[in-house]
Amino acid sequence: MKFETRLVQFDPCPGDPHRPSATPIYQTSTFEIREGGAYDYTRSGNPTRTVLEAQLAHLEGGRRALCFASGMAAISAVARFVQPGERIVAGLDLYGGTSRLLSQVLPVRVEHVDTTDLAAVERALGRGARLMIVETPSNPLMRISDLRALVALCHRYETRLAVDNSLLSPWGQRPLEFGVDVVIHSATKHLAGHGDVTGGVVIGNDEAFLERVAFVRNAEGTALAPFESWLLLRGLQTLSIRQERACATACTVARMFQDHPAVERVFHPSLERHAGHALHHEQASSAGSVISVALRSREGVDALLTQARLFTTTVSFGSVHSSVSEPVSMSHASAPKRLRSLLPHHLVRLSIGLEDPDDLIEDLTRALDSVAVTAGQT
Ligand SMILES: *Cc1c(COP(=O)(O)O)cnc(C)c1O
């Protein structure tokens, strides 16, 4: 079955004699203990969550998925297998919260490397690392890392490779198919898709490792609650149709930005001049619906933040509504100094939603045109 069919064709409630057509919310903390009973306590297991996990594993092409209360909880549970003092190699423009977790909370050593530079990756792995965490495209600079090459290097140095696939979702990219060990998502973004759930997921093929992650989740109490699981399952069913629309609009918006005089540079893998454009399309089927734009002036930033009426200023991405943010002061405020110094001045990140593409273009052009006119006058 194709991806789109699998999104909606699944058993919503295995073993239920009433055969409901939608998965019920098992809003209970305990289950009567019985011989052969699969559940006892919702922190450890819940049928609504089980259906969601089976779906996510299937869609991402993994054997098992584990859902968490947030993307950060998912990343944290994966990183727990790294012992105190051992090393993690992490991408450079990683989500700010991930960098903060690795450097300020977990008792591990972290080395940030530019994962588009394979020689630098090899040097870092050569110093010994238990885990490598990568985002491709990275966020907000949309830098593309070579998944096949990273898999080969990590396996040579016996380092587990985790890819945070939040930006594209399994609709756009499936890193496990390239041999990546673990995929992580902030399900808060495209998977849930409606800006109303916080969640995370870990997916992989190594049963022993996932059993260990499940153990950590149960011990720390970070599993996704039944109602959130249900919301996520509901949102997930329209993933492909949402993504198709949002990504197509994003490509149009990226080209509009590229041609606008108020814009210095556009970061979106759909653009032929984007570094890694060809590589990206070898390993992904979509350029995604998030675009970063470096404006020529502070006025340009302010115009997008305050004058684009259809773009609410919020962190996050992947919702049905379009939004705009300034990474330096918002999503990446907690990122290491070295990364923040890499970000161009006047950088804005947009998440494209499901509004009419013409309305979005008109809204953005009107905001940007006000800047170009002012600049021309002074
Ligand atoms: C949002 C995000 C996270 C964190 O997920 P939460 O659900 O907010 O905890 C991690 N990685 C990436 C790439 C994200 O965009």
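Read on for a plain summary of the structure. Quick caveat, the model's predicted, so the values are computed rather than measured.

### Let's talk about the overall build of the protein
Point 1. In terms of regular secondary structure, the protein is built from 14 helices and twelve strands.
Point 2. Its C-alpha atoms give the protein a radius of gyration of 21 Å, within 12% of the compact-globule value 21 Å for 378 residues.
Point 3. Taken along its principal axes, the extent of the C-alpha atoms in the protein is 80 × 50 × 35 Å.
Point 4. Partitioning the intrachain contacts of the protein with sequence separation of at least 6 by distance along the chain shows that 69% fall at a separation of at least 24.
Point 5. Element-wise, carbon and sulfur atoms account for 50% of the exposed surface of the protein, whose accessible area totals about 16,200 Å².
Point 6. Each charge sign in the protein was given a centre, from 37 positive and 41 negative side chains, and these centres are 4 Å apart.

### Details of the environment of Arg245
Point 1. Considering the arrangement of structural elements, one finds Arg245 in helix H10 (residues 239-258).
Point 2. Arg245 sits in the partly exposed class, given a relative accessible area of 35%.
Point 3. For the pair formed by Arg245 and Gly353, sequence separation is 108 residues and the distance between their alpha carbons is 8.2 Å.
Point 4. If sequence neighbours within four positions are ignored, Arg245 has contacts with Leu354, Glu355, Asp356 and Pro357.

### Overview of the site of the ligand
Point 1. Neighbouring the ligand are 13 residues, the closest being Gly71, Asp164, Ser186, Thr188 and Lys189.
Point 2. Here an oxygen atom of the ligand sits 2.8 Å away from a polar atom, N or O, in the side chain of Ser186.
Point 3. Lys189 places a polar side-chain atom, nitrogen or oxygen, 2.6 Å from an oxygen atom of the ligand.
Point 4. Here the ligand has 380 Å² of accessible area as a free molecule, and 91% of this is covered by the chains.
Point 5. Across the shell around the ligand, the residue classes break down as four nonpolar, six polar and three charged.

### A short note on the pairing of strand E3 (residues 109-113)
Point 1. As paired elements, strand E2 (residues 87-91) and E3 share five bridges and run parallel to each other. Across the sheet, Ile88 pairs through a bridge with Val110, a residue of E3.
Point 2. Tracing the backbone out of E2, into helix H4 (residues 96-105) and back to the parallel element E3 gives a crossover that is right-handed.

### Things to note about the nonpolar core
Point 1. Phe68, Ile88, Leu102, Leu131 and Ile133 are the most contacted members of the largest nonpolar core, which has 28 residues in total.
Point 2. When residues of this core are assigned to their parent elements, the largest contribution, six residues, is made by helix H3 (residues 71-79).
Point 3. Here Leu102 is in contact with Ala79, Ile88, Ala90, Leu94, Val108, Val110 and Ile133, once residues within four sequence places are set aside.
Point 4. Counting 27 residues, the second largest nonpolar core, distinct from the first, contains Ala254, Val301, Ala303 and Ile352.

### A closer look at the packing of H3 against H4
What describes two packed helices is the angle between their axes and the distance between those same axes.
Point 1. Relative orientation of the contacting elements H3 and H4 amounts to 35 degrees, with a least axis distance of 10 Å. By crossing handedness, the relation of H3 to H4 is classed as right-handed. Here H3 contributes Met72, Ile75, Ser76 and Ala79 to the contact with H4, which in turn contributes Gly97, Thr98, Leu101 and Leu102.
Point 2. Across the contact of H3 with H4, the residue classes break down as five nonpolar, three polar and no charged.

How each quantity is defined
Residues numbered from 1 in each chain as written. Predicted model: local features only at pLDDT ≥ 70, side-chain atom pairs only at ≥ 80, totals over all residues. Heavy atoms only, no water. Helix = DSSP H or I, 4+ residues; strand = E, 2+ residues; numbered from the N terminus. Rg over C-alpha atoms; globule rule 2.2 N^0.38 Å. Contact = heavy atoms within 4.5 Å. Areas by Shrake-Rupley, 256 points an atom, 1.4 Å probe, with all protein chains shown as cover. Lys, Arg positive; Asp, Glu negative; His and termini not counted. Charge placed at Lys NZ, Arg CZ, Asp CG, Glu CD. Buried < 20%, exposed > 50% of the residue type's maximum accessible area, 1.4 Å probe, protein only. Near = heavy atom within 4 Å. Polar contact = N/O pair within 3.5 Å; in protein donor to acceptor, adjacent residues only side chain to side chain. Nonpolar A, V, L, I, M, F, W, Y, C, P; charged D, E, K, R; others polar. Pairing = 2+ DSSP bridges. Right-handed = clockwise from strand over helix to strand, strands pointing away. Core = buried A, V, L, I, M, F, W, Y, C linked by side-chain atoms within 4.5 Å. Axes fitted to C-alpha atoms, helices over the stretch in contact; angles between N-to-C directions. Left-handed = near helix turned anticlockwise from the far one by under 90°.

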